[in-house]
Amino acid sequence: MRFVEFANLEPGLVKSSGLVNEPFRDAEAKSSKMSQAEITNMKQQKQQPVPLGTLIGRELRSEKLDKPTLKYGQAALAKKGEDYFLIKTDYQRVLGNPSTSFSVFAIFDGHNGISAAIFAKENLLNNVLSAIPEGIGREEWLQALPRALVAGFVKTDIEFQQRGETSGTTVTFVVIDGWTVTVASVGDSRCILDTQGGVVSLLTVDHRLEENVEERERVTASGGEVARLNVFGGSEVGPLRCWPGGLCLSRSIGDTDVGEFIVPIPHVKQVKLSNAGGRLIIASDGIWDLVSSDNAAQSCRGLPADLAAKLVVKEALRSRGLKDDTTCLVVDIIPSERPILPLTPKKKQNLLTSLIFGKRYQDSANRTNKLSTVGVVEELFEEGSAVLAERLGKEFPLESNSGLLRCAICQVDQPPSEGLSINAGPFFLCANCHRKKDAMEGKKRQVDQL
Ligand SMILES: [Zn+2]
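These numbers were taken from a predicted model, which means no experiment stands behind them. (Residues numbered from 1 in each chain as written. Predicted model: local features only at pLDDT ≥ 70, side-chain atom pairs only at ≥ 80, totals over all residues.)

> Report on the overall build of the protein chain, specifying residues and quantitative values.
For the protein chain, the helix and strand inventory stands at 13 helices and 16 strands. Counting over 450 residues, the protein chain shows a buried share of 41%. Taking the intrachain contacts of the protein chain between residues at least 6 apart in sequence as the baseline, contacts between residues at least 24 apart amount to 66%. (Helix = DSSP H or I, 4+ residues; strand = E, 2+ residues; numbered from the N terminus. Buried ≥ 20, exposed ≤ 12 C-beta atoms within 10 Å, placed from the backbone. Contact = placed C-beta atoms within 7 Å.)

> Account for the nonpolar core, with residues named and values stated.
Of all hydrophobic cores here, the largest spans 96 residues; its most connected members are Val174, Ile281, Val312, Cys328, Leu329 and Val330. Among the elements that take part in this core, helix α5 (residues 138-161) stands out by supplying 10 residues, more than any other. With sequence-adjacent residues up to four places away left out, Ile281 is seen in contact with Ile192, Asp194, Ala296, Ala297, Val312, Cys328 and Val330. (Core = buried A, V, L, I, M, F, W, Y, C linked by C-beta atoms within 7 Å.)

> So what's going on with the sheet that holds strand β7 (residues 199-202)? Residues and values would help.
Reading across from one edge, β1-β13-β12-β6-β7 is the order of the five strands in this open sheet, with antiparallel pairing throughout. What marks the edges here is a single partner per strand, and that holds for β1 (69-77) and β7. For this sheet the average axis-to-axis angle between neighbouring strands, irrespective of direction, equals 15°. Across the face of the sheet, helix α9 (residues 305-320) comes into contact with β1, β12 (278-283) and β13 (326-334) while running at roughly 30° to β1. (Pairing = 2+ DSSP bridges. Axes fitted to C-alpha atoms, helices over the stretch in contact; angles between N-to-C directions.)

> Can you explain helix α6 (residues 213-221)? Please cite residues and give values.
Of the positions making up α6, those classed as buried are Glu215, Arg218 and Val219. Burial along α6 is one-sided: seen end-on, the buried residues are contained in an arc of 95°. Summarising the geometry of α6, the exposed residues directed more than 90 degrees from the buried face are Val213, Glu217 and Ala221. Contacts made by the buried residues of α6 are with β8 (225-230) and β9 (236-243). (Arc of directions from axis to C-beta.)

> Mind laying out helix α12 (residues 431-440), listing which residues take part and the relevant values?
For α12, the set of buried residues is Cys433, Lys436, Lys437 and Met440. All buried residues of α12 lie within an arc of 100° about the axis, which places them on one face of the element. Contacts made by the buried residues of α12 are with α5 and α11 (388-392). Just downstream of α12, Gly442 is the residue with a positive phi angle, here 80°.

> Hey, could you go over the pairing of strand β3 (residues 101-111) for me, with residue numbers and the actual values?
In terms of residue burial, β3 counts as a mostly covered element, since eight of its 11 residues are buried. As paired elements, strand β2 (residues 83-92) and β3 share eight bridges and run antiparallel to each other. Within β3, the position partnered with Tyr84 by the bridge is Phe108. As judged from the nine bridges shared by β3 and strand β4 (residues 168-177), these two strands associate in the antiparallel manner. Looking across to β4, one finds that His111 is bridged to Gly168.

> Please give an account of the confidence of the model for the protein chain that cites residues and values.
If pLDDT is low for a region, its predicted coordinates should not be looked at in detail. Predicted confidence across the protein chain gives a mean pLDDT of 80, with 71% of residues reaching 70 or more. In the predicted structure, residues 1-34 sits below a pLDDT of 50 and forms 52 contacts with residues beyond four places in sequence or in another chain. Ignoring residues within four places in sequence, the model shows residues 346-368, a span with pLDDT below 50, making 21 contacts including any to other chains. (pLDDT = per-residue confidence, 0-100.)

> Explain the environment of Arg147 residue by residue, including any values.
Along the chain, Arg147 turns up in helix α5. For Arg147, a count of 22 C-beta atoms within 10 Å corresponds to the buried category. Sequence separation between Arg147 and Val128 is 19 residues, and the spatial gap between their C-alpha atoms is 8.9 Å.

> Outline unusual backbone geometry, supporting the account with residue identities and numerical values.
In this model, Trp243 is joined to Pro244 through a cis peptide bond whose omega is 5°. Position of Pro244 relative to the elements: it lies in the loop between β9 and β10 (253-254). Of note in the backbone geometry, Asp255 takes a positive phi value of approximately 55° without being a glycine. Note that Asp255 resides in the loop between β10 and β11 (267-273).

> How would you summarise the environment of Ala389 if you had to cite specific residues and measurements?
Within the element layout of this structure, Ala389 appears in helix α11. Taking the C-alpha atoms as reference points, Ala389 and Pro426, 37 residues apart in sequence, are found 8.7 Å from one another.

> Mind laying out the packing of helix α4 (residues 115-130) against α5, listing which residues take part and the relevant values?
In contact at an axis separation of 9 Å, α4 and α5 are set at 140° when each is read in the N-to-C sense. The angle between α4 and α5 places the two elements in the oblique class. Once α4 is placed against α5, the crossing between them reads as right-handed. In contact with Ala116, Phe119, Ala120, Asn123, Leu124, Asn127 and Val128 of α4, α5 contributes Ala148, Leu149, Gly152, Lys155, Thr156, Glu159 and Phe160. Of the residues in the contact of α4 with α5, the class split is eight nonpolar, four polar and two charged. (Parallel < 35°, antiparallel > 145°, perpendicular 65-115°, else oblique. Left-handed = near helix turned anticlockwise from the far one by under 90°. Nonpolar A, V, L, I, M, F, W, Y, C, P; charged D, E, K, R; others polar.)

Okay, here's the thing in structure tokens:
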């Protein structure tokens, strides 16, 4: 699903983003706010071509004026020592060109050992970047990112599994470029967004079998068994797990010893903040098992990021002490021209928010709040399907420049004659990645039986 919120656009502003396919579907849905004349006016303006030079000029100007400042902090307490995190700021997509810089904040919560978490931390970013076409501009890079994240996650999983180790890891991987935040996640580490006005929303989906019906159905359909642990005496205990393996998560990187229907295909959500900015809180389940998204956000409002991260961890430990690895990253995306203003919502806005949203803002694993309804965030992209063909889509470049076929996952080039594996879909997968695709869809057993 891909849609763009237009309610924030001022009349006359032409959106140069190629993401816009059906721009007025949403605008019309909000006809209570806009008169028919205004909508018609917007349509007419949309249809008038804008010279490329004007668009480029606008983009350059707005980038210069608009680029926010990032302030961040982290706090962690180890129980098992299986949480890892990654912070990379001002990473240049095109080396030597500061205008291509972006930042990455990620958490890797390992299980059954630490090797998958470490491997993902060391390789995932490069694998994502290798799936980005070369020589593209900023808008195209942001559009290519959701697909590249899928390819990068799957490639990292394949490479790790080839090492024959059995550990696994959750990944919550956040890319910040200007005001655009792209979050890819597998497992149950979360990223929440707190925007001005005190609106808290979830940018990830919890891939837990206990809480995610869709994922339970997918795993079962692919040949896995979902059940609780059966202890001596026949009574069932603990959360729902997938068998063989006994994992509570439905998606992860690694986990070679668990069925391959535990897939590394991430849920991806991309949003653009208003120039009021916002705060991201990224944390492992050591936090979220004990603190709701709302409480985590509220507990640290008004504090700078480094203190905020410590306070969220403290809040989580308050009730039961340290039971699990607990890692928290706080990232403030702040307008550059202003002094650093930690988010302190006005009381009036808080009241208004609670009046409008009432109980909807309580936590729910499978629901994200409709950010666009409050007019502060544009939702650019969201897709969570576990089917690879639905994630790579039509636009994936089938051929590299040399006329060779390029695998959409591992980016290896092969001559068409060696094209061992051309799918029904419009993208190419090498034999190895095709095997992975089949295995993730539960087709491996059939192949094995042949
Ligand atoms: Zn491949």
